[in-house]
Each structure stands twice: as structure tokens, then as C-alpha cells.
Amino acid sequence: MDVVVVGSCNVDLISYIPKLPQKGETIHGTKFKMGFGGKGANQCVSSAKLGAKAAMVAKVGKDTYGKGFVEEFQRFKVNTDYIVSTDGASTGVAPCLVDQNGSSAIIIVSGANLLLTPQEIEQAEEVIKSSKVMICQLEVTQEATLAALRIAKKHGVKTIFNPAPKLDSLPEEIYSLCDVFCPNETEVSDTAVTTIEEAGAAAIPYLDKGCSTVIVTLGDKGCVYVTKDDRKVCHVACDKVNAIDTTGAGDSFVGSLAYFMSCHASLPLEEMIRRSCQVATVSVQREGTQTSYPYRDELPPELFLH
């Protein structure tokens, strides 16, 4: 296995609107779409569409959405042996608003995601152990995420931790357990981060907490990264494009990074980041989340050269 993702499955309920509404305001939308999402599922599909052999560890409801999720994963040849279903909650949902500039606002109703237990993670130890890279986020419980990171650490599996959605605090242990800590500009700091310099300054303290590498995604500004080896702040720019829908772009980046870390491990980190930015840039020029992620054959062949 190349990539295993321990995380969330949410059904995206996407409304396209002229502008995001103010408090108490009702506006008419122009279009509605339903799709499969959740940060974990998005990252898994992003990796799989690039060609990674991927597996998903998750929990869904015993409902139409849950059944549809398993079928959708299988369509992308994702291993679904470790997706558990429950009648204790519905499959997670994520109503999303997207305005005419591509900006989005999302509400997450986690449902079955929060019922994924550390014991169920332990039952997936074999697939984690056999993978080259594991991705975790925060749309399942911290206990489940920690259990996964501990197992990966025990077996020497490379890990990417995407601390989203942002929480007020995280267990200190989590920083030393992950190889790559990958927040966006709103998640890296409690204060506003609007520039490359501010992102770099916000990233450095995580090295002191135990992180080996910190990558801060900055939307159309690309990424900033630092490593414990030299603590130098480096910026990777991305192409300027006309964004149609930025929903799930960060997940596209994380899934792409896992693909390059597992399938092109000899590449320098900066090159992996640059290529992952390129994939994510393609995704924002299309509507939807997983539907916006490109397949390998839709991308320039040089992206896949060692």
C-alpha cells in the first residue's frame, strides 16, 4: 500500500450563490450539487487519482450515504476493508456555500466520524503498517488520530498531519508523532497570517514542539515550509489562475503530497511541494471537491518524472 488515510467521510451539499449571506439574510442560489467529501476522503481520493495504491480507515452510517461512499471509493480502486458502518449516527454531512469568486463557507455535521474508536484504529494496524505514508486530520476524534499516529510511528510509516478543522489546543504528543505538520494560514496561528513572512514566523515554533517538517499552505500564494535540519523558511510559489471553486484545494494538496512522498520518495521536499501545488492549482479551476481533482493522465507527464 502506498497511502493510507485515517479520517472523515462527509457528504458535501454544495450551494452556489452570488455572495456569502450576512447574518439573517436569505439569498437565492444559482445551482446545487451533492458530492462525496470530508477531509480524509478527499485526501484519499486525491492520492488515488494520481495513481497511489490507497486505503481508507473511517466510519460511516448505515444509510444511503454510507453505502454510496464505499461504492465511490471502490470506483477509485481504494481499499475499503477498514471502513466501518454504524447505526449509532448518520454519515457525516457538510453543507457548503460557494460564491461567484470561488470563496467558500462550510458547516460540518460529523455524525459517524466521531464514533471511530481507537480500538477500530488498532484493528487497522496491518494496513497502516504496510503503507508508505499515512494521513490524519481532525474530523475524527483526537483519540482516534493519536492511536493512528502512534501505530504509524511504531512501524516507521511516514505521516502527514493536517490540523483541520482548527481546535483551540492539541495534545503535545501529536507534534512529535507526525513527520509533516501541514496547516493552512488560518490554522497555523491564533493571529492573522496574511504574508509569507508571517507564515514562516508562525511555522518555526512547531519545530520546537517536535515537528520534523512544517508546511503552511497559503492559497494562491503557494506554500511556506521549514524543517528541523536548518530551520530556514522557504517559499514555494504556485501559478496564478482564475479560481472557480477553492473547496477542497487544501485536501488536494495534502493528498498529492502523500502521493509524491510514497511514489516519488527520492524527490527533494521542495519539488514534492511544488508538484503538489500544481495539482491543487488544477483543482481550483473546476467545480466540486473530489470531482475537481485531476487524474494522472490529465496532468503534464513531467510531474511524474523522478
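Quick note: structure is the one above.
A few points on the structure.

Definitions and limits used
Residues numbered from 1 in each chain as written. Predicted model: local features only at pLDDT ≥ 70, side-chain atom pairs only at ≥ 80, totals over all residues. Heavy atoms only, no water. Buried < 20%, exposed > 50% of the residue type's maximum accessible area, 1.4 Å probe, protein only. Helix = DSSP H or I, 4+ residues; strand = E, 2+ residues; numbered from the N terminus. Pairing = 2+ DSSP bridges. Core = buried A, V, L, I, M, F, W, Y, C linked by side-chain atoms within 4.5 Å. Axes fitted to C-alpha atoms, helices over the stretch in contact; angles between N-to-C directions. Parallel < 35°, antiparallel > 145°, perpendicular 65-115°, else oblique. Left-handed = near helix turned anticlockwise from the far one by under 90°. Contact = heavy atoms within 4.5 Å. Nonpolar A, V, L, I, M, F, W, Y, C, P; charged D, E, K, R; others polar. Right-handed = clockwise from strand over helix to strand, strands pointing away. Polar contact = N/O pair within 3.5 Å; in protein donor to acceptor, adjacent residues only side chain to side chain.

It is worth spelling out the pairing of strand β1 (residues 3-6) at this point. Here β1 shows no split at all, with V3 and V5 on one side and V4 and V6 on the other all buried. Bridging between β1 and strand β8 (residues 133-136) involves 4 bridges; their strand directions are parallel. Following the sheet pairing, V5 is matched in β8 by I135.

Looking now at the nonpolar core. With 47 residues, the main nonpolar core has M56, F73, I160, I215, F253, L257 and I273 as its most contacted residues. In terms of residues, this core owes the most to one element, helix α8 (residues 249-263), which gives 7 residues. Judged by nonpolar contacts, the second largest core, of 42 residues, contains L149, Y175, A202 and L207.

Contact pair helix α1 (residues 39-50) / α8: the axes reach a minimum separation of 7 Å and the direction vectors enclose 50°. Regarding the angle of α1 to α8, the classification is oblique. Every pair of crossing elements has a handedness; the one defined by α1 and α8 is right-handed. Side by side, α1 and α8 meet where K39, N42, Q43, S46, S47 and L50 of the first sit next to D251, S252, V254, G255, S256, A258 and Y259 of the second. In terms of residue class, the contact of α1 with α8 is made up of 4 nonpolar, 7 polar and 2 charged.

Here we take up the pairing of strand β9 (residues 158-161). Inspection of the sheet shows β8 paired to β9 by 4 bridges, in the parallel sense. Counted as the bridge partner of I135 is I160 from β9. Handedness of the crossover joining β8 and β9 through helix α5 (residues 142-154) is recorded here as right-handed. Across 2 bridges, β9 lies against strand β10 (residues 180-181) in parallel orientation.

Checked against the element boundaries, K39 lands in helix α1. Within the local environment of K39, its side chain forms a polar contact with the side chain of D251, the two groups lying 2.7 Å apart. Contact partners of K39, with chain neighbours within four places excluded, come to S8, Q137, E139, N162, A164 and D251.

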